[in-house]
Amino acid sequence: MRRLPLSLTCLGASLALLAVAPSGLAAVTTVEADHDAWTNAGARTQNYGSTTTLHAYRTSKRPFIRFTVGPLDAPVQRAVLRFEVQNGAPRGLRVYSTAAGWTEGTLTHANAPALGALVGTVPRFSTRSWREVDVTSAVTGSGTRSFAVTAPNARNDVLLTSRQGGAAPQLVITTATATGQAPANTSPPTVSGTAQAG
């Protein structure tokens, strides 16, 4: 009877490659605000679309931030709203979705969209920093998205940096590529060895 001893190094590596398909890889898209402005109940028809800060104070002053999300290659896994706050928010902030049919050059308290669903909150903090809010529930794909930020219990104006102020708010969107893709190397394994008497 004859046996065939095999060199299994290449065989094992090739079989492992064939057996394990790569999992989905996350793709991250960062979109900067293309419109931002704030409204003031004390000046109902005044536009604040070119200021370097966005003011939030109780129900009287509200920043509005708008993004245009281009085509995405895969479904949205997560969306995060990021913005810089210059002076902290000792009593926290709230973020709402709103209708997106406004522009920073025409927005006023009188024509501002109503607050929609509450999509996230920011716990209190006291120093200048960037804050992040998960807004996945309001971002399902490409299109225009709008948010309002409120400081319902503030004692003083909370100041967000606007896009005119050099630190535009951002919408960071994570999508995933398709899973179960075929591996790059699908050629059959090479088997080597020499026959010998056993």
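It should be noted that the structure appears before, not after, this text.
The sections below set out a description of the structure shown in this document. (Residues numbered from 1 in each chain as written. Predicted model: local features only at pLDDT ≥ 70, side-chain atom pairs only at ≥ 80, totals over all residues. Heavy atoms only, no water.)

Looking at the overall build of the protein chain
Piece 1. Each helix and strand counted, the protein chain has 1 helix and 15 strands in total.
Piece 2. Taking contacts inside the protein chain between residues at least 6 apart in sequence as the whole, the part at least 24 apart equals 84%.
Piece 3. As displayed, the protein chain has an accessible area near 10,700 Å², and 52% of this comes from carbon and sulfur atoms. (Helix = DSSP H or I, 4+ residues; strand = E, 2+ residues; numbered from the N terminus. Contact = heavy atoms within 4.5 Å. Areas by Shrake-Rupley, 256 points an atom, 1.4 Å probe, with all protein chains shown as cover.)

Examining the nonpolar core
Piece 1. If you look at the biggest cluster of nonpolar residues, it comprises 32 residues, and the most contacted ones within it are F83, L93, V95, V135, F147, V158 and L171.
Piece 2. Looking at this core, the elements that each hand over two or more residues are β5 (53-56), β6 (61-69), β7 (76-85), β8 (93-98), β9 (118-122), β11 (143-150), β12 (158-161) and β13 (170-176).
Piece 3. If you tally residues by element for this core, the top one is β7, at 5 residues.
Piece 4. What V158 contacts, discounting residues up to four positions off in sequence, is L54, H55, A56, V85, N87, G88, A89, L93 and A151. (Core = buried A, V, L, I, M, F, W, Y, C linked by side-chain atoms within 4.5 Å. Buried < 20%, exposed > 50% of the residue type's maximum accessible area, 1.4 Å probe, protein only.)

Some points on the side chain of Q170
Piece 1. Relative to the assigned elements, Q170 resides in strand β13.
Piece 2. A relative accessible area of 16% means that Q170 is categorised as buried.
Piece 3. At 2.6 Å, the side chain of Q170 and the side chain of R82 are in polar contact.
Piece 4. Not counting the four nearest positions on each side in its chain, Q170 is found in contact with T30, V31, E32, F67, V80, L81 and R82. (Polar contact = N/O pair within 3.5 Å; in protein donor to acceptor, adjacent residues only side chain to side chain.)

Quick notes on the packing of aromatic side chains
Piece 1. On inspection of all chains with the given rule, the structure shows 3 aromatic pairs.
Piece 2. Note on F64 and W102: the rings are 6.1 Å apart at their centroids and 75 degrees apart in plane angle, and the pair reads as edge-to-face. Taken together, the residues span a long stretch of sequence, with F64 in strand β6 and W102 in the loop between β8 and β9 at a distance of 38 residues. Summarising the burial analysis for this pair, F64 and W102 share the class buried.
Piece 3. Between the aromatic rings of F67 and F147, the centroid separation amounts to 6.4 Å while the plane-to-plane angle is 65 degrees, which identifies the pairing as edge-to-face. Pair noted here: F67 is in strand β6 and F147 is in strand β11, with a separation of 80 residues, a long-range link.
Piece 4. Its relative accessible area of 0% is what places F67 among the buried residues. (Phe/Tyr/Trp six-rings, centres within 6.5 Å; stacked < 30°, edge-to-face > 60°.)

Remarks on the environment of G141
Piece 1. Relative to the assigned elements, G141 resides in the loop between β10 (129-134) and β11.
Piece 2. You can call G141 buried: its relative accessible area is 14%.
Piece 3. Taking the C-alpha atoms as reference, G141 lies 7.6 Å from V69; in sequence the two are 72 residues apart.
Piece 4. Apart from residues lying up to four places away in sequence, G141 is in contact with V69, L72 and V76.

Regarding the environment of T98
Piece 1. With respect to the helices and strands, T98 occurs in strand β8.
Piece 2. By relative accessible area, which is 13% here, T98 ends up buried.
Piece 3. Spatially, the C-alpha atom of T98 lies 5.4 Å from that of S146, the residues being 48 residues apart in sequence.
Piece 4. Ignoring any residue separated from it by four or fewer positions in sequence, one finds T98 in contact with F64, P113, A114, L115, S146, F147 and A148.
Piece 5. A polar atom in the side chain of T98 sits 2.6 Å from the side chain of S146.

Concerning the pattern of salt bridges
Piece 1. Using the criterion set out here, one finds 6 salt bridges in the structure.
Piece 2. For D34, the salt bridge goes to R66, with nearest N and O atoms at 3.8 Å. With D34 in the loop between β3 (26-32) and β4 (35-40) and R66 in strand β6, this pair connects stretches of sequence that are 32 residues apart.
Piece 3. Judged by its relative accessible area of 13%, R66 falls in the buried class. (Salt bridge = Lys/Arg side-chain N within 4 Å of Asp/Glu carboxyl O.)

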